[in-house]
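# Coordinates in review
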Amino acid sequence: MDEEGHKTHNPNNSHERLKSWSELPSDLLNLLLERLSFTDFRQAKSVCWSWYSASRQCVPKNNHIPWLLLFPEDNNSSSCTLFNPEEKDKKLYKTQDLDLELPRIFCLKTCGSWLLMRNRLNNLYLVNLFTKERINLPHAESQVGTTKVERVVVGFRITLPNGSGSGKPMHIRSPVFWIDDKTKDYVVSWGLGTCCVVYSKKGDTSWTQIPEALDCCDMVYKDHKLYFLSYSRGLMIFDFSGEVPQQSFWCRRVYVENIFVRSPRRPHPADRRRLWATKLVVTVTGDVLKVETFLKPESKIWSFRLFKVCSLGLFKRVYSLGNEAMLLDLGITVLANNNEEGIRRNSIYFRGSHNNKTSDIFLFNLETRKMEQLHKLDCSSDQLPGSRWFLPTFTQSMA
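Residue positions within a chain follow its written sequence, with the count starting from 1. A pLDDT threshold of at least 70 governs which residues receive local features in this predicted model, and a stricter bar of 80 or more applies before side-chain atom pairs are shown or counted, although totals over entire chains, interfaces and linings include all residues. Side-chain numbers here rest on the full set of heavy atoms in the structure, without hydrogens or water.

## Notes on the sheet that holds strand β11 (residues 172-179)
Using the following cut-off: A pair of strands is considered paired only if DSSP assigns at least 2 bridges between the two. Put simply, DSSP marks the helices as runs of H or I at least four residues long and the strands as runs of E at least two long, and each gets a number from the N terminus on.
Spatial ordering of the open sheet is given by β8-β14-β13-β12-β11, a layout of five strands whose pairing is mixed. The open sheet is flanked by β8 (143-144) and β11, the only strands paired with a single partner. With two bridges joining them, β8 and strand β14 (residues 207-210) adopt parallel strand pairing. Across the sheet, Gln143 pairs through a bridge with Trp207, a residue of β14.

What follows is the structure, given as structure tokens:
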């Protein structure tokens, strides 16, 4: 009370503070909620009933910080574990049951919160990690083109137009995809072994072959463009913005060493640095990078060389990513933080082993030229043997 007996506002009264927060105007509350990260958004929903009600009408901002998706080894589990490197306490989050037969189902690629999955029969489909929406894709052997495809026990048997066939079964190589969260328009593409590249769009009942895209090494799909790196035909870019993809760029002078068909050489020291893989990466600004990955097998030390693809097929060695970080699995770079929390600038995030152990998730610092383990996750690699980076996207149905 004041001197005249009137009741005064006490800013230290917790009940009054709670009441004022719960009575925020709805438009102001929506603006606040839409600016929160996914984790903060989930916590804000539990503040009070009005905040929970408002959260049903909006979605959190789409995250530009990549998360790590960890798959279970347990045959009885159909949920995954999520790790957000931006959070200081490094918590692990469990997804809802995805109705998938993990680990019999394999995740080939991610795009936003969508996963491209393949089962042991080589059936492909898309599934949303948060909403559980599922889109079945055409059977892999159902194709439009001159190359005939037959499913076998392991992979596919190929018959070329001249009647010759592949000696060994071929497999899906370098799959990529894009999907619109609202319209569910999508493009999925993958290399048919060393033969052509195929693609399928929403509404298609088969895969269409791109005969010019032979001998696939790696691919990236970004901004309605398919970036294709071949072992024998250089770099091509196909524009998918129209009904039929059009080749918009071809640089034949991009040399890629095929590590699978090397000629015999004299024995060399076991821990000598060897070329492990060549990858394509498209940066935030649209630059195309050829990334050479090297490994010392005995000491398990990884290193990288980066080259920018310039006009006329010229290359320029790149020593820094500036304020960007590279997600090698996704074939892209993202804007990074300037501090130690979250994604670090001028670094390459990669899986350091072909057997997908979570203990082999590393980053390579381009400034120091050294690699380091990403994080000591509070789980064993036996429990979580597979991992994928993804950039979460959120819809109103998740609120």
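Back to the write-up after that little detour.
## A look at the packing of aromatic side chains
Any two aromatic rings considered together are summarised by their centre-to-centre distance and by the angle between their planes. The criterion, for reference: A pair of Phe, Tyr and Trp rings is counted when the ring centres sit within 6.5 Å of each other, with Trp represented by its six-membered ring. The angle between the planes then sorts it: under 30 degrees is stacked, over 60 is edge-to-face, the rest tilted. Any residue under 20% of the maximum accessible area for its type is buried, any over 50% is exposed, and the rest in between are partly exposed; the area is computed with a 1.4 Å probe on protein chains only.
In the structure shown here, the tally under the stated rule is 12 aromatic pairs. Seen from their ring centres, Trp190 and Trp207 are 5.4 Å apart, and the 70° between their planes marks the pair as edge-to-face. In this pair, Trp190 sits in strand β12 (residues 186-192) while Trp207 sits in strand β14, placing the two residues 17 residues apart along the sequence. For the residue pair Trp190 and Trp207, the accessibility class agrees, reading buried in each case.

## Considering the confidence of the model for the protein chain
As a reminder of what qualifies: Residue-level confidence of the predictor, termed pLDDT, takes values from 0 up to 100. The contact rule is simple, with two residues in contact once any of their heavy atoms fall within 4.5 Å.
Taken as a whole, the protein chain shows an average pLDDT of 80; of its residues, 76% reach a score of 70 or greater. At the low end of the mean pLDDT range in the protein chain sits helix α1 (residues 14-22), at 57; at the high end sits strand β13 (residues 197-201), at 96. Here residues 354-359 is a poorly scored stretch, pLDDT under 50, and it has 18 contacts once near neighbours within four places are set aside; other chains count. Low pLDDT, under 50, characterises residues 380-384; the predicted model gives this stretch 14 contacts beyond four residues in sequence or across chains.

## Some points on the pattern of salt bridges
To keep things clear, this is the line we draw: One speaks of a salt bridge when a side-chain nitrogen belonging to Lys or Arg is within 4 Å of a carboxyl oxygen belonging to Asp or Glu.
One pass over the full model with this rule turns up nine salt bridges. The partner of Glu141 in a salt bridge is Arg151, and the shortest N-O contact between them spans 2.7 Å. Remark: Arg151 occurs in strand β9 (residues 148-151) and Glu141 occurs in the loop between β7 (134-136) and β8; sequence separation between them is 10 residues. For Glu141, a relative accessible area of 29% puts it in the partly exposed group. Residue Arg151 is classed as partly exposed on the basis of its relative accessible area, which comes to 25%. For Lys202, the salt bridge is made with Asp185, and the minimal N-O distance between the two is 3.7 Å. Of the two residues, Lys202 sits in the loop between β13 and β14 while Asp185 sits in the loop between β11 and β12, which places them 17 residues apart along the sequence.

## Brief notes about the sheet that holds strand β17 (residues 234-239)
Heads up, the condition is: A fitted line through C-alpha atoms serves as each axis, taken over the contacting stretch for helices, and the angle formed by two N-to-C directions is quoted from 0 to 180°.
Read from one edge of the open sheet, four strands run β15-β16-β17-β18, paired in antiparallel fashion. The open sheet is flanked by β15 (216-222) and β18 (246-251), the only strands paired with a single partner. On average, adjacent strands in this sheet sit at an angle of 20° to one another, irrespective of strand direction.

## Description of the pairing of strand β20 (residues 288-296)
The element β20 is largely enclosed, with a buried count of eight among its nine residues. Looking at chain direction, strand β19 (residues 274-282) and β20 are connected through eight bridges and run antiparallel. Bridged to Lys279 within β20 is Val291. Linking two consecutive strands that pair antiparallel, namely β19 and β20, is a turn of five residues; a positive phi of about 95° is found at Gly286 within it. Examined bridge by bridge, β20 and strand β21 (residues 301-309) share eight bridges and lie antiparallel to one another. Looking at the pairing, Glu292 lines up with Arg305 of β21.

## Quick word on unusual backbone geometry
Residues other than glycine seldom take positive phi values, yet Lys184 does so here, at roughly 65°. Relative to the helices and strands, Lys184 is located in the loop between β11 and β12. Backbone geometry at Arg369 places phi at a positive 60°, although glycine is not the residue there. Relative to the elements of secondary structure, Arg369 occurs in the loop between β26 (361-365) and β27 (370-373).

## A look at the nonpolar core
Rules: Only buried residues count toward a nonpolar core. Its members are Ala, Val, Leu, Ile, Met, Phe, Trp, Tyr and Cys residues joined through side-chain atoms within 4.5 Å.
By size, the foremost hydrophobic cluster in this structure holds 24 residues, and its most contacted members are Leu126, Leu137, Phe177, Val188 and Trp190. Elements supplying a minimum of two residues to this core: β4 (106-111), β5 (114-118), β6 (124-128), β10 (156-159), β11 and β12. Trp190 has contacts with Leu124, Ala140, Gln143, Ile172, Arg173, Ser174, Pro175, Val197, Val198, Trp207 and Met219, leaving out every residue within four places of it along the chain.

## Description of the environment of Leu92
Within the secondary structure, Leu92 sits in strand β3 (residues 92-94). Leu92 sits in the partly exposed class, given a relative accessible area of 29%. Separated by 24 residues in sequence, Leu92 and Leu68 place their C-alpha atoms 9.8 Å apart.

## Remarks on the side chain of Thr147
Following the sequence through the fold, Thr147 ends up in the loop between β8 and β9. When residues no more than four places from it in sequence are discounted, the contact partners of Thr147 are Ile158, Thr159, Leu160, Pro161, Leu192, Cys196 and Gln209.

## A word on the pairing of β12
Most of β12 is tucked away, with seven of its seven residues classed as buried. Here β11 runs beside β12; their pairing, made up of six bridges, is antiparallel. Note on β12: the bridge partner recorded for Trp178 is Val187. Two elements, β12 and β13, share five bridges in a ladder whose sense is antiparallel. When the bridges of β13 are listed, Gly191 appears paired with Val197.

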